[in-house]
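Summary of structural features
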Amino acid sequence: MIVVNCPHCGPRNSSDLRPCGEVTTRPDPATASLSEWRTYLYLRENPAGWVTETWYCRSGCRRYFTIERNTATNETRSSEAS
Amino acid sequence: MPTSIPRGYVRMPDIEFQSPISHGPISTPDGSVSIEDETSTTKVVVRAAAGTAAAADLGVPYGQSRLRADGTLVCGTRPDEWTLFAAAGRAAEVIAPVDTDGFVNAIDITHGRAMMRVSGPKATALLAKVCNIDLADDMTPDGAVFSGSVAKVTCDLLRADRAGEASYLISCERSFGSYLFAALADASTEFGASLPAGLSIH
Amino acid sequence: MNPNRLPVRPGEVIDRETSLAFTWNGRPHTGHRGDTIASALAADGVDVFARSMKYKRRRGIMTADHWDPNLFVQVGDEPNVRAGSRRLVAGMEVSAQNVWPNLRFDIGAANQLVGRFLSSGFYYKTFMRPKWLWHHLYQKVLRKFAPGGRIHWETSTHGAYDKRYAHPDVLVAGGGPAGMGAAIAAAEAGASVMLVEHEPDLGGHLRWGDADDLAVLADLAAAVESHPGIEVLVDSTVTGRYDHNWIAVMQRSHEIAPERLIKARAGSLVVAPGLIERPYVFAGNDTPGVMLSGAVRRLINLWAVRPGTRAVVLSANPEGDAAIADLEAAGVEIVAALDARAGEDIVEVEGRGRVGNVVLGDGRTVSADLVVIGTGWTAPTSLLNMAGDRPVYDPTAARYFPNQLPDDVLATGGITGNGTTAELVEHGRATGTLAANRALRNRHDRRSSTARARSPEGPIPESLHDTRASLARTPHPECYRSSSHGMVDFSEDVSSKDLVQASREGFDSIELMKRYTTVTMGPSQGKLETVNAAAVLAETRSMDMVDIGTTVWRPPFAPISLGALAGRIFEPIRRSALQDWHEDHGASPLLAGQWVRPDHYGDPVAEARNVRENVGIIDVTPLGKLDLRGPDVTKLLELVYVNRWQKLDVGRVRYGTMVAEDGVVSDDGVTGRLGEDHYLMTTTSSGAGAIWEMLEDYLQTYRPDWNVHVTAVTGGLTSINVAGPRCRELLLRLVEGVDLSPDAFPYFHVRRGTVAGVPDCIIWRIGFTGELSYEVHVPSGHALHVWESLLANGEDLGIMPFGVESQRILRLEKGHYIVGQDTDGLTKAPSAGLGGLVKLDKPDTLGLPELRAAYARTDLPILVAIQTDDPEVVPMEADQIVDGDSNRILGRITSSRMSPTLGRSVCLGQVDPSLAAAGSKVTILLIDGRRILGTVQEHHAHVDPEGVRQNA
């Protein structure tokens, strides 16, 4: 059970939040090709190292926020630190 | 039921507000902890964008609370969101003075939230059985407002000590109310409470 | 009375004034308060406590503490009780477990004779084939021999388990001199401390030490127990350390539950478990009467039990030497005192129920009933490994030492080195101070903004450097195995010979060997046997211990009851304001997600008929309801629904379907416009939470420029659907302030008004049943009044409440699909038969590229209404639609019921597009193997496809 630092609620157990995965950018659906769209839907970098993630503070402030997490060590830092 | 049909209803003043919690207060013989239903409390949520007059008037940031001169308890329940508690039946009076200039909404959620109070010297120990949040004084002091999972139900909590003793107001979505009350009552058995028949989560 | 009880010992923990009666295998015994089950039985002369798991060898006391692998017993209905640490209670019914048919005569002991068949990999080699024998024979045989006690779940008085959370600044694992020193220093530094000791008393090895040790122990324990900042948990075990110091503590010492799992988030973890004495491998080393030096010292000094009469002692260290002194003081004759440092050794012990003869390294055989082993120590580094450390073996000291620890995990005491009691306490204190400093600095950072606002900020504590003087690594001979072979794993009955064989068969890495032989896999979890196993492997392969490594220590450090992991039952249940009424009126409860709902009130078919003929009311509160306010709600609706929302006037309601970004149908419902910037959205019951989170996601991360406030009002509005041809007549009696005439309040419109005297109700004219119907949303605190008013006022109209089952029948007759039942996780919008609802020319809507792609395809299945040609046959939901006599699947039935209105079976189903045209014949494969024909219908609606009834 890792600790995730919510910028509003402070350190919380990860079970209080929902991990939403790596930050992605939604292409313009009016112009995106199917291939671009599916890249957005399904393809992630998944590095063993630092990744910028979105989390949803489900039991707390109900805010979506991004943090950086090292997937190898579970160390976290604010996403502004990069 | 009558067989002929009168226009068979009574007027509002006679219609009782029904709480989802059908049990009276639970307490331990030594007074170490008590659990009371406070669902009838007027609850109004105000959503106000930063920079609006309403936000400034409410005056407390997320995580803090204050008692207004008119007896309304103002809680910063989320960023740009406040919950106002007042005596039963005062929703209109609480909503009316909210300055709606800008992107501001005030909604009566009295019917939508069950609320209970856990008090006493063992209140914090009781909550620690069902809530993973650090309830130490330097994390959640008297007056602190926070949200978290209580017995697996997402709740808004306010620490509002009474006479120097720890006391928490816990509110949840109304439909969870009877379950949450039973879960808290179940947790209170460690401190000596005995449960009335029919109040069980097992 | 107790033949082996000694005169009063200075440090004894028994209360001789008390006499606790208990039974052992049905025979009466007595002990004193303070005795463990094992000490009381040993005092009464019991030698044999158990049979070993595989060879069914007799087993007696070996370590006389919590970790003793031979002392698992049954107490009443509680299996696997550790007799080495469980305190005796009057009236206990204790029995040996794992002994079929009994402890004295055990048929399984014959396994010793065929031991070679049970050697390494025996299970893998034997129970493989023939496969059919597994069920008929192997399973039954293995069950008979399976270790463990019995549970009596029918008669158990075993209470519920329990859990709690804790947030100590410093959690100290181990209550010996170093652990207590750490706890005191940390508390003195201002930290909140949780001190966890697995034995029932604090003190560690001081408890069975000399007068000086006992004096130090008394002082430390008094300081610990009197400090308000220290919570002491004895008879409790730290079973795991996880990321960010999430620590599991198993508490056995609280009356609330047999075991309680404490989930602690600690600022710092201090690991102070001391050392665990290691057995020595030689022939007959598991014979009752072979004990470790700590065991005899505990028996003599804590419980005043004489462990034998004639002893052979093999010692390699001061603790072993101290055992000789204790034995002499207890009047035990020392037959031979062997010094392992000088190369003296034991080769073999003979004897079955008890040690008889001992063959020494010099070839002599002596007669004795007790063999005492003090040949070395194992560092229980488990918690350190869980924190990422890989301890390193030091051959000079013959044990492992911590290597690299994260800042929030610190080690102290015997696990880090040797020292006098004063040195151990001092190292503990220095560690506690450091741990507190790190935790308090961390706490300062975490201190909530609320707390900061309430009280002035103190300065952050200055960071302390780690200036602790290391404890010495006293040289110790490497004593692992004698010249003979003996038991390595006492829990799993794995001998050194088995390990040698496994190595020869190629399982010669420690991890492979573990899995092949099951060494270290029993309840001891490697505490006693890991290092000996590594040593045997090193010897066999002529390698250094350093290069062999050890198996990975994983949580839990000690076995945990599954019940303790489950804890108390927290299954949140949601109830509408009317659920009590439903139950009082005979409703069968239906669990739908977290909601408990009325399935029916006795006769769902009658309830459904009544809706078609008269009027019925149903509680549909679980419908997700979201209050949407703000100038940009329309934009949000355009984004999340597949259809258009721009031209929805105030007072209108519209049906909408949602798809996810992958084009799969995710939810549906109606949304009504209550005011210029005010909407009420409904979602499916099960989708309510997810849709709310989804809306917030897009509002916060995709279009933060849009002004929309979303408020969940599901439980706040109790939703009552009033349906049937006479429903308008009923509502006319109760509704004020709303013109209910068909022209003033047509289908798919919404009004606000007073119902049965309750103001602020929302009424919209929609219907899932296909009948004329209104959905009334009532503030929940007044819902029961409205419900009862409807029933009272509708009596002459034939009103009946109806439940979820009747609603399912009615909606299926009308052909309304249910997301998640008639669609699944692959159903793209065209397959749901949405037809013209989906607008592909919108600039932005969820999943738009996938929708475009899906609508360009011609091969997607399509949802259709199906009627079986035989009207009496109702296929089961999920029955397959196949291609004629073949088993090629062309679709499936997704919903099916007998229609009371039509008197025939009606279905919805997903079919291959080749079968979607009205009139197509489909073959339905029933579960009993029969194939029946059905016909695809023109409309989804079986009843009233023109909508005459709902539009009335």
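Our next topic: the nonpolar core. Residues and elements named next belong to chain C. Ranked by size, the top nonpolar core spans 155 residues in total, and within it V170, V172, A183, A186 and V371 carry the most contacts. Viewed by domain, this core spans two of them, domain 1 (162-275 + 381-454) and domain 2 (480-570), each represented by three or more residues. Counting 91 residues, the second-largest nonpolar core is a separate cluster that includes V633, I720, V755 and A854.

Turning our attention to the domain arrangement of chain C. All names here are of chain C. The assigned domain composition of chain C is domain 1 (162-275 + 381-454), domain 2 (480-570), domain 3 (603-811) and domain 4 (859-944 + 948-952). Here the C-alpha centroids of domain 1 and domain 2 sit 27 Å apart. Contacts between the two partners involve 18 residues from domain 1 and, on the opposite side, 14 residues from domain 2. Those elements that provide at least two residues to the side of domain 1 that touches domain 2 are β8 (162-166), β12 (236-242), β13 (246-251), β14 (260-265) and α8 (382-386).

Taken together, the contacts link 20 residues of chain C with 18 residues of chain A. Breaking the side of chain C that touches chain A down by element, the ones donating at least two residues are α19 (688-702) and α23 (848-855) of chain C. The leading source of residues in the side of chain C that touches chain A is α19(C), at 6 residues. Residue classes in the side of chain C that touches chain A are distributed as 7 nonpolar, 4 polar and 9 charged.

This paragraph deals with the interface of chain B and chain C. Between chain B and chain C, the residue contacts involve 51 residues of the former and 50 residues of the latter. Counting residues per element, the ones that place at least two in the side of chain B that touches chain C are β3 (42-48), β7 (104-108) and α4 (177-188) of chain B. A total of 4 residues in the side of chain B that touches chain C trace back to one element, the largest contributor, which is α4(B).

Moving on to helix α22 (residues 804-814) of chain C. Residue and element names in this part refer to chain C. Counting buried residues in α22 gives 9 out of 11 residues, a clear majority hidden from the surface. All buried positions along α22 are accounted for by V804, E805, S806, Q807, I809, L810, L812, E813 and K814. Where α22 is buried, its residues touch β30 (588-592), β31 (595-600), α17 (604-613), β32 (615-619), β46 (889-899) and β47 (904-911). One or two positions beyond α22, positive phi appears at G815, with a value near 80°.

About the thresholds
- Residues numbered from 1 in each chain as written.
- Chains lettered and ligands numbered in written order.
- Predicted model: local features only at pLDDT ≥ 70, side-chain atom pairs only at ≥ 80, totals over all residues.
- Core = buried A, V, L, I, M, F, W, Y, C linked by C-beta atoms within 7 Å.
- Buried ≥ 20, exposed ≤ 12 C-beta atoms within 10 Å, placed from the backbone.
- Domains from an automatic or database assignment.
- Contact = placed C-beta atoms within 7 Å.
- Helix = DSSP H or I, 4+ residues; strand = E, 2+ residues; numbered from the N terminus.
- Nonpolar A, V, L, I, M, F, W, Y, C, P; charged D, E, K, R; others polar.

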